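Architecture and fold: a report
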Amino acid sequence: MPKTLLHIKNLTLAINGKAILQNINLELELGQRLALVGESGSGKTMLGSAILGLLPPQSLLGGQISYKNKPLTQQDKSALRGKEIAYIPQNPFTALNPVKNIGDHLLETIEVLCPSLQQPARKELANDLLTKVQLKGWQTMKDLYPFELSGGMAQRVMVALALVASPKLLIADEPTTALDPETQAEILALIEGLVNKAEMTLIFITHDLAIVKDLCERVCVMKTGLVVEEGVTSQIFQAPREVYTQELLAAAFYL
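Residues numbered from 1 in each chain as written. Predicted model: local features only at pLDDT ≥ 70, side-chain atom pairs only at ≥ 80, totals over all residues. Heavy atoms only, no water.

As a further point, take the overall build of the chain. In terms of helices and strands, the chain carries eleven helices and ten strands. For the chain, the spread of C-alpha atoms along the principal axes amounts to about 55 × 45 × 35 Å. For the chain, with 255 residues in total, the buried portion stands at 48%. The long-range fraction of contacts in the chain, counting pairs at least 24 apart against all pairs at least 6 apart in sequence, stands at 67%. Summing over all exposed atoms, the chain offers an accessible surface of approximately 12300 Å²; the carbon and sulfur share of this is 50%. A gap of 6 Å separates the mean positions of the 23 positive and 26 negative side-chain charges of the chain. (Helix = DSSP H or I, 4+ residues; strand = E, 2+ residues; numbered from the N terminus. Buried < 20%, exposed > 50% of the residue type's maximum accessible area, 1.4 Å probe, protein only. Contact = heavy atoms within 4.5 Å. Areas by Shrake-Rupley, 256 points an atom, 1.4 Å probe, with all protein chains shown as cover. Lys, Arg positive; Asp, Glu negative; His and termini not counted. Charge placed at Lys NZ, Arg CZ, Asp CG, Glu CD.)

Right, let's talk about the layout of surface pockets for a bit. Considered as a void within the structure, the largest pocket measures approximately 370 Å³ in volume. Forming the walls of the largest pocket are 15 residues, and the residues nearest its centre are G82, Y87, T109, L113 and L161. Tallied by class, residues from the lining of the largest pocket come to twelve nonpolar, two polar and one charged. Each pocket or cavity is described by its volume, and for the second largest pocket that value is around 290 Å³. As for the second largest pocket, its lining consists of 16 residues, of which A50, L55, L60, T73 and K77 are closest to the centre. Taken together, the elements giving at least two residues each to the lining of the second largest pocket come down to β1 (4–15) and β4 (60–67). Counting residues per element, the lining of the second largest pocket draws most heavily on β4, at three residues. Partitioned by chemical class, the residues of the lining of the second largest pocket number eleven nonpolar, four polar and one charged. (1 Å grid on protein atoms, 1.4 Å probe; cavity = no way out; pocket = protein on both sides within 12 Å on 5 of 7 lines; lining within 4 Å. Points joined across faces, edges and corners; volume = space filled by probe spheres on them. Nonpolar A, V, L, I, M, F, W, Y, C, P; charged D, E, K, R; others polar.)

Moving on, we get to unusual backbone geometry. If you check the backbone angles, N16 has positive phi at about 55° while not being a glycine. Following the sequence through the fold, N16 ends up in the loop between β1 and β2 (18–29). The backbone phi angle of K68 is positive, close to 55°, even though this residue is not glycine. The exposure class assigned to K68 is partly exposed, which follows from its relative accessible area of 25%.

This brings us to helix α7 (residues 151–162). For α7, with twelve residues, the first-to-last C-alpha span of 17 Å sits near the 16 Å given by 1.5 Å per residue. Most of α7 sits out of view: ten of its twelve residues are buried. What α7 keeps buried is the set G152, A154, Q155, R156, V157, M158, V159, A160, L161 and A162. (Expected span 1.5 Å × (residues − 1).)

Okay, the packing of aromatic side chains next. For the structure on display, the rule yields two aromatic pairs. Taking the centre distance of 6.4 Å and the plane angle of 25° together, the rings of Y145 and F147 count as stacked. Owing to a relative accessible area of 30%, Y145 belongs among the partly exposed residues under this scheme. Exposure remark for F147: the relative accessible area of 66% places this residue in the exposed category. (Phe/Tyr/Trp six-rings, centres within 6.5 Å; stacked < 30°, edge-to-face > 60°.)

Moving on: empty space enclosed by the protein. In total, this model carries one cavity of 30 Å³ or more according to the counting rule given. Considered as a void within the structure, the largest cavity measures approximately 30 Å³ in volume. Every residue lining the largest cavity is listed: L6, I8, L26, E27, L28, L34 and I203. Of all the elements in the fold, those that place two or more residues in the lining of the largest cavity are β1 and β2. Per-element accounting of the lining of the largest cavity gives the leading share, three residues, to β2. Residue classes in the lining of the largest cavity are distributed as six nonpolar, no polar and one charged.

Shown next as structure tokens:
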């Protein structure tokens, strides 16, 4: 496998004629952990959506995204999503189907992403995934519906769904925003532990620099669709070059 897993070059995107990303350049190595930070509307989630191939083709005005040294335009994005590149959303309760129980969510996802597995093996994998994310096993969880879960439990289910096919790249889009501080810390520790154990590559999207201080090796600061600063996390925290980065740090640490 190539050392560079993801390469974004001169990426420019527009939706309904309005530029949302402008000349984005990023390189992500295998096993690296990158934080995309910036205020709401800065383009963080749109960049994640572009990597996942969720935006319409006509939105691409220039540049390209390459995965494993091959442009995404030449790859079947639907085959990559879930299998190679997985996603954890900000709000699990809008992502989970309210009329399906947790067992159905897991078994349907496993069936789509691991079609060779038979029913007994699917249930075994579902049980293993629930254990990995520190939830009770299959027999306890399978009949529960999303409304019966706490925010932390629901987000753990989303993490389990993201891990079904052992992806190489995990995109976590503000997965702790709606959680209380204690649960937030638990979810962050869970994601960090799983990423380290599986040697996954991580893109962590957040508006809060404090969250990524110990989680990510590199930080990319975005503002109005632009990358205004990017570098090693320790350098960004100790000597930020841009006033905007300084303001984000001040907001995060009440400086």
